[in-house]
Amino acid sequence: MKTIIEPFRIKSVEPIRFTTKEERKKILTDAGFNPFLIHADDVLIDLLTDSGTSAMSSDQWSGIMRGDESYAGAKSFYKFEDAVKKITGDEFIIPTHQGRAAEKILFSVLGGKGKYFAANTFFDTTRANIEFTGAEAVDLLNETGKHPEKRAPFKGDMDVDALEGFIKKYGRENIPLIVLTITNNSGGGQPVSMKNIKDVSAVCKKNNIPLFLDACRFAENAYFIKMREDGYKDKSVLEICQEMFSCAAGSTMSAKKDALVNIGGWLSLNDEELAMKCRNLLIVTEGFPTYGGLAGRDLEAIAQGLEEVVDEHYLQYRIRSTEYLGEKMLSNGIPIIEPPGGHAIYIDAKRFAPHIPAEQFPGQSITCEMYIEGGIRACEIGSVMFGKNAMMELVRMAIPRRVYTQSHIDYVAEVLIEVYKRRNELRGYAFTYEAPMLRHFTARFKQL
Ligand code: F0G
C-alpha cells in the first residue's frame with residue numbers, strides 16, 4: 001500500500017510565527033500557565049482544538065460569496081436544510097451559531113430540577129447546559145472505555161445495562177432524553193458502534209425516552225464503523241451516517257467539527273411540539289429560524305462542508321493522520337489512549353507523570369511543558385476540566401482538519417519525545433483563580 005496522502009493541494013497559506021524557549025517561558029507565566037490564555041500568534045502548532053479550526057475548501061469559499069443574506073427564508077438556509085436532512089433524515093432543522101447554543105435551547109426546554117440525563121460521556125458544555133437548568137447529567141461509559149491502555153474497536157459505547165439501571169433508578173418520567181456523543185470526545189475520541197447505537201435506541205424506545213446524538217464528529221464515527229464493524233465495509237459512509245441518525249430522535253451538532261467550517265451548528269429533531277418550543281427560544285437567543293445566529297454565507301459553507309466530510313478519501317486521510325501521530329507516540333513509549341481516536345491523540349498523563357497526583361494536575365503540567373519545549377498548544381482533559389468527575393487525566397492533542405502536514409506532525413512527535421525524556425522533572429500545579437463553571441477556560445495556576 002502506498003502512502004496515504006493529503007487529498008488536496010494548498011492554494012492559500014498562513015504563516016506561523018516562531019518564538020524562542022525563553023520567550024515562551026515568559027508568555028506562559030504571563031498567561032497564568034493556562035494555554036487557553038496565550039495569544040494564538042505566540043503558538044507554533046495549535047492543537048488546542050479541532051473545533052472551528054478547519055481549513056475550508058475553495059468550494060466552501062465560493063459558497064461564502066454566494067451566501068444569501070436575506071433575513072427570512074434565505075436561499076442559503078434551504079441549501080443548509082437540505083444538506084442536514086440528507087444526513088440526519090430529521091424533519092425540523094434549526095440552525096444555531098454553534099453546538100452549545102443547540103444544547104442550551106434543547107436543555108432549557110427539557111431540563112430543570114428533578115430531571116436526569118444520561119450519555120456515554122457528556123462533553124463539558126453539554127453537561128454544563130444540563131446542570132445550569134438544575135438537572136443532573138450522568139455518564140454511563142462502558143468499562144473498557146475507562147481504561148486508556150486497553151484496545152477495543154468501540155471504546156465510546158454506552159453501557160447498556162447501566163442505562164437500564166439508570167432508568168429504573170430515576171424513573172422514565174424524570175428522564176427527558178438520552179444522549180450518545182459520537183465520537184466520544186471526552187473519552188478519547190473513541191467511536192460508538194452501530195450495534196451500541198441500536199441497542200441504546202431500543203432501550204430508549206421501550207421506555208419512550210428520545211435518544212439524541214451529540215453528532216459533532218459523526219463522519220469520523222461512521223468511518224470507524226465502516227473500518228471496524230462487521231457488515232459495514234461495503235456500505236458508503238453516507239449510508240452509515242444515515243443509518244446512525246435513523247436510530248435517534250434528533251441531534252445537536254457543532255458544525256465547527258465535521259461540517260468543516262469555522263462557526264455554526266444545528267439542532268435537528270422530529271417532534272413537532274418540541275421543535276416549536278425550541279424555535280421560540282431560538283428567536284429570543286439566536287435569531288430568526290432560517291438563520292439562527294449565522295450569516296447566510298455560513299449556512300452555504302456548512303452545506304458544502306457536509307458534502308466534503310463524507311468523502312472517503314478525506315476520511316481515510318483524516319483517520320490515518322491521527323493514527324500516524326498515535327503510532328509515533330507509542331513507538332517512543334509515550335502512553336496514550338489506545339487505539340488512537342478520530343480527531344485527537346490523548347496522552348495518558350497518569351502514566352506519563354505518575355509522580356504528580358491528580359489534585360496537582362499532571363495533564364496541565366505536560367501541556368505547559370509542550371508549550372515551552374516546542375510552542376505546541378494542547379488541552380488538559382482531566383481534573384482541571386472536570387474536577388472530581390474526571391475519570392482520567394489526559395492531554396488532548398486535537399488535530400485541526402486539513403490544516404497541518406505530515407512534517408508538522410513529525411515535529412509535534414519530536415517535541416513530545418523531548419518532554420517525555422525529562423518527565424521526572426515535571427512539577428504539579430495549583431489554582432490561583434478558578435471560575436465556578438467551565439473553569440479550565442479562564443483558570444490561572446502557579447507551579448508547585
Ligand atoms: N459536543 C461535543 C462532543 C464537543 O466536542 C463540543 C465542542 C460541543 C458539543 C460543543 O460545541 O464548541 O460548537 O459549542 N468541542 C470543542 C472541543 C470545543 O474542543 O472539543 P461548540
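Residues numbered from 1 in each chain as written. Predicted model: local features only at pLDDT ≥ 70, side-chain atom pairs only at ≥ 80, totals over all residues. Heavy atoms only, no water.

J.: What should I look at first to understand the overall build of the protein chain in this one?
T.: Of regular secondary structure, the protein chain possesses 16 helices and 14 strands. For the protein chain, the C-alpha radius of gyration of 21 Å lies close to 22 Å, the compact-globule estimate for 448 residues. Projected onto its principal axes, the C-alpha coordinates of the protein chain cover approximately 60 × 55 × 45 Å. Taken across its 448 residues, the protein chain has 60% of its residues classed as buried. Within the protein chain, residue pairs in contact and separated by at least 24 positions form 72% of the contacts whose partners lie at least 6 positions apart. Of the accessible surface of the protein chain, which amounts to about 18,500 Å², a share of 52% is contributed by carbon and sulfur atoms. Looking at charge distribution, the protein chain has the averaged site of its 56 positive side-chain charges lying 2 Å from that of its 61 negative ones. (Helix = DSSP H or I, 4+ residues; strand = E, 2+ residues; numbered from the N terminus. Rg over C-alpha atoms; globule rule 2.2 N^0.38 Å. Buried < 20%, exposed > 50% of the residue type's maximum accessible area, 1.4 Å probe, protein only. Contact = heavy atoms within 4.5 Å. Areas by Shrake-Rupley, 256 points an atom, 1.4 Å probe, with all protein chains shown as cover. Lys, Arg positive; Asp, Glu negative; His and termini not counted. Charge placed at Lys NZ, Arg CZ, Asp CG, Glu CD.)

J.: Quick question: what am I supposed to make of helix α3 (residues 75-88) here?
T.: Count 3.6 residues to each turn of an α-helix, and residues three or four apart come out pointing the same way. The end-to-end C-alpha separation of α3 is 20 Å, in line with the 20 Å expected for 14 residues at 1.5 Å each. Among the residues of α3, those classed as buried are S76, F77, F80, E81, A83, V84, I87 and T88. Projected down its long axis, α3 shows its buried positions confined to an angular sector of 165°, all on one face. Exposed residues pointing more than 90 degrees away from the buried face of α3 are listed as K75 and D82. At the exit of α3 stands G89, carrying a positive phi of roughly 70°. (Expected span 1.5 Å × (residues − 1). Arc of directions from axis to C-beta.)

J.: Which parts of the structure should I look at to understand the site of the ligand?
T.: Taken together, 17 residues surround the ligand, and among them T49, D214, S254, K257 and R396 come closest. With respect to the ligand, the side chain of R100 contributes an N or O atom lying 2.7 Å from an oxygen atom. The contact in question runs from a nitrogen atom of the ligand to an N or O atom on the side chain of K257, over 2.9 Å. Considered on its own, the ligand offers 470 Å² of accessible surface; in the complex 94% of this is hidden by protein. In a pocket analysis with a 2 Å cut-off to the grid points, the ligand is assigned to the second largest pocket. (Near = heavy atom within 4 Å. Polar contact = N/O pair within 3.5 Å; in protein donor to acceptor, adjacent residues only side chain to side chain. 1 Å grid on protein atoms, 1.4 Å probe; cavity = no way out; pocket = protein on both sides within 12 Å on 5 of 7 lines; lining within 4 Å. Sits in = over half its atoms within 2 Å of the grid points.)

J.: Would you mind showing me how to read the pairing of strand β4 (residues 136-139) here?
T.: Here strand β3 (residues 116-119) pairs with β4 via 4 bridges, running parallel. Across the sheet, the residue bridging to A118 is V138, located in β4. The parallel pair β3 and β4 is bridged by helix α5 (residues 124-132), and the resulting crossover is right-handed. (Pairing = 2+ DSSP bridges. Right-handed = clockwise from strand over helix to strand, strands pointing away.)

J.: Just to check I follow, could you spell out the domain arrangement of the protein chain for this structure?
T.: Domain boundaries assigned for the protein chain yield domain 1 (21-50 + 311-447) and domain 2 (58-309). Each partner contributes to the interface: domain 1 provides 34 residues, whereas domain 2 provides 40 residues. For the pair domain 1 and domain 2, the summed buried surface comes to about 3,000 Å²; carbon and sulfur atoms form 58% of the total. On the domain 1 side of the interface with domain 2, the three residues burying the most area are E312, L315 and P339, jointly 18% of the side's total. Counting across the interface, domain 1 meets domain 2 through 7 salt bridges. Its salt-bridge partner being K226, residue E312 comes within 3.0 Å of it at the nearest N-O pair. (Domains from an automatic or database assignment. Buried area = accessible area lost by both parts, 1.4 Å probe. Salt bridge = Lys/Arg side-chain N within 4 Å of Asp/Glu carboxyl O.)

J.: How should I be thinking about the layout of surface pockets in this particular structure?
T.: Taken as a whole, the largest pocket encloses approximately 1,300 Å³ of empty space. If you trace the largest pocket, you find 35 residues lining it, with S12, E14, A55, R402 and V403 closest to the centre. Both of domain 1 (21-50 + 311-447) and domain 2 (58-309) provide at least three residues apiece to the lining of the largest pocket. Size it by volume and the second largest pocket reaches roughly 390 Å³. Considering the residues around the second largest pocket, the lining is formed by 27 residues, among which T49, S51, R100, F123 and K257 are closest to the centre. Secondary structure elements with two or more residues in the lining of the second largest pocket: α4 (99-110), α5 and β11 (379-381). For the lining of the second largest pocket, the element with the highest residue contribution is α4, accounting for 3 residues. For the lining of the second largest pocket, the class distribution of residues is 9 nonpolar, 10 polar and 8 charged. (Points joined across faces, edges and corners; volume = space filled by probe spheres on them. Nonpolar A, V, L, I, M, F, W, Y, C, P; charged D, E, K, R; others polar.)

J.: Whenever I open this one, the packing of helix α7 (residues 194-206) against helix α9 (residues 237-246) confuses me. Can you help?
T.: Helix-helix packing is described using two parameters, namely the angle between the two axes and the distance between the axes. Interhelical geometry of α7 versus α9 gives an angle of 20° and a closest axis separation of 9 Å. Classified by the angle their axes make, α7 and α9 are roughly parallel. The two elements α7 and α9 meet at a crossing, and its hand is left-handed. Contact with α7, carried on its side by M194, I197 and K198, involves I240, E243 and M244 of α9 and no other residues of that element. In terms of residue class, the contact of α7 with α9 is made up of 4 nonpolar, no polar and 2 charged. (Axes fitted to C-alpha atoms, helices over the stretch in contact; angles between N-to-C directions. Parallel < 35°, antiparallel > 145°, perpendicular 65-115°, else oblique. Left-handed = near helix turned anticlockwise from the far one by under 90°.)

J.: Where do I start with empty space enclosed by the protein in this structure?
T.: In this approach the atoms are scanned with a rolling probe the size of a water molecule, which exposes any empty space left behind. Taken as a whole and judged by the stated rule, the model has 1 cavity of 30 Å³ or more. Each pocket or cavity is described by its volume, and for the largest cavity that value is around 60 Å³. Together, N34, P35, F36, Q364, A378, C379, E380, V384, H440 and F445 line the largest cavity. Grouping the amino acids of the lining of the largest cavity by side-chain chemistry returns 6 nonpolar, 3 polar and 1 charged.

J.: When you look at the packing of aromatic side chains in this model, what are you seeing that I'm missing?
T.: A ring pair, where both rings are aromatic, is described by two values, the distance of the centres and the angle of the planes. Following the criterion strictly, the structure yields 17 aromatic pairs and no others. Ring centres 5.4 Å apart and planes at 85° place the aromatic pair F8 and Y317 in the edge-to-face group. Of this pair, F8 sits in the segment before α1 (21-30) while Y317 sits in helix α12 (residues 312-331); the two residues are 309 residues apart in sequence, bridging distant segments of the chain. Accessibility expressed as a relative area gives 27% for F8, which makes it partly exposed. Ring centres of F77 and F80 lie 6.2 Å apart, and the angle between their planes is 40°; on these two criteria the pair is classed as tilted. Of this pair, F77 and F80 both sit in helix α3, 3 residues apart, roughly one helical turn. For the pair formed by F77 and F80, the shared burial category is buried. (Phe/Tyr/Trp six-rings, centres within 6.5 Å; stacked < 30°, edge-to-face > 60°.)

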